[in-house]
Amino acid sequence: MDFIYESMGTNWKISFFDESQDDLIYQLKNEILNETNEFDELYSRFKSTSLVSKISTEANKYKVPTDFIEMLNLYFELYIPSQNKLNPLIGNTLSDLGYDANYSLIPKENIRSTPNLIEAVNIISDTEIETFEPVLFDFGALGKGFFIDKIVKKLNDYNLKNYLVNGSGDIYYKGVGEDIRIGLEHPNDSTKIIGILNIKEGSVCGSAINRRRWRNLNHVIDPYKSNSQEEIIATWVWAKSAKVADALASALFFSAPENFMNFEFEYCILNRELKIKKSLGFRADFFN
């Protein structure tokens, strides 16, 4: 049984492989849909009523949900290893480059720089932050993975054993004794795959510069140069959690995988010459 819906600007599909009663699946669908909408209302920088939009108005102390702190803590953990480039304060820079609430895709004449994360934000407690200048948070580098993990927790709480959560290609899979085969999309031709990855359980997230392109830019923005990264064209990461896989799939555009060895993950990096660098545990078959 599949549950398909749209939210956060993307497509979601949850496949249930357990033999479950229809009323349980119906209850799960309603809970997941409500939580997805609530998450989007809080963290979308495209909505003027969102929490991150309200925080962007002035430097101050703010009460925030524990989810906010958990995502922010992961950014802090990845900030220095990514050469300070995986930065959730990139929102105003992205907006000025044209990736704004109206999707104008027209860069402004003056592009605001991205503040230093360590200098601009302080975590006071599990429910409070302090900002030292107006900042617009953009959790796009790991927000989808973070929410996938929230769905996974809910499915586990209901004691489901076999399922697939798919957030527009970023997935978490849990099955009993069966591998799943995942096609790795060719970044130069979305109708093709360049290989097949086999996993037993966990999350696989990918990122590629062919997604969300406009003018001479793509969504992988260097927050300090205000331009796009073009040398690496795609990354894929396996990890036990989707938030880590999602975050590292973005971070590997800016920094070598050896800089993130405090995380447990497997990876594959594809450059513009279509040369592959991958970890030994990334169990994929690639095609010519």
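Keep in mind it's a predicted model, so treat the numbers as computed, not measured. (Residues numbered from 1 in each chain as written. Predicted model: local features only at pLDDT ≥ 70, side-chain atom pairs only at ≥ 80, totals over all residues. Heavy atoms only, no water.)

Draft legend 1. Layout of the sheet that holds strand β4 (residues 121–125). With antiparallel pairing, three strands are arranged side by side in an open sheet as β3-β5-β4. Whereas interior strands pair on both sides, the edge strands pair on one side only; in this sheet they are β3 (61–63) and β4. Neighbour-to-neighbour, the strand axes of the sheet open up by a mean angle of 25°, direction not taken into account. Each of β4 and β5 (128–131) touches helix α3 (residues 66–79); the most contacted strand, β4, lies at about 130° to it. (Pairing = 2+ DSSP bridges. Helix = DSSP H or I, 4+ residues; strand = E, 2+ residues; numbered from the N terminus. Axes fitted to C-alpha atoms, helices over the stretch in contact; angles between N-to-C directions. Contact = heavy atoms within 4.5 Å.)

Draft legend 2. Highlighting the packing of aromatic side chains. A complete count under the given rule lists 17 aromatic pairs for this structure. Ring centres of Phe46 and Tyr99 lie 5.7 Å apart, and the angle between their planes is 55°; this geometry places the pair in the tilted category. With Phe46 in the loop between α1 (22–43) and α2 (51–55) and Tyr99 in the loop between α4 (91–96) and α5 (117–120), this residue pair connects regions lying 53 residues apart in the sequence. For Tyr99, a relative accessible area of 14% puts it in the buried group. Here the aromatic cluster, defined as three or more aromatic residues joined through ring pairs, consists of Phe3, Tyr5, Trp12, Phe39, Tyr43, Phe68, Tyr75, Phe137, Phe139, Phe146 and Phe147. The ring of Tyr99 carries the charged tip of Arg45 above its face, separated from the ring centre by 5.1 Å. (Phe/Tyr/Trp six-rings, centres within 6.5 Å; stacked < 30°, edge-to-face > 60°. Buried < 20%, exposed > 50% of the residue type's maximum accessible area, 1.4 Å probe, protein only. Lys NZ or Arg CZ within 6 Å of the ring centre and 35° of its normal.)

Draft legend 3. Examining the pattern of salt bridges more closely. In the structure shown here, the tally under the stated rule is 21 salt bridges. Residues Lys200 and Asp179 are paired through a salt bridge, measuring 3.1 Å at the closest nitrogen-oxygen approach. Here Asp179 lies in the loop between β7 (170–174) and β8 (180–186) and Lys200 lies in the loop between β9 (189–199) and β10 (201–208), a separation of 21 residues in the sequence. Given a relative accessible area of 52%, Lys200 falls into the exposed group. (Salt bridge = Lys/Arg side-chain N within 4 Å of Asp/Glu carboxyl O.)

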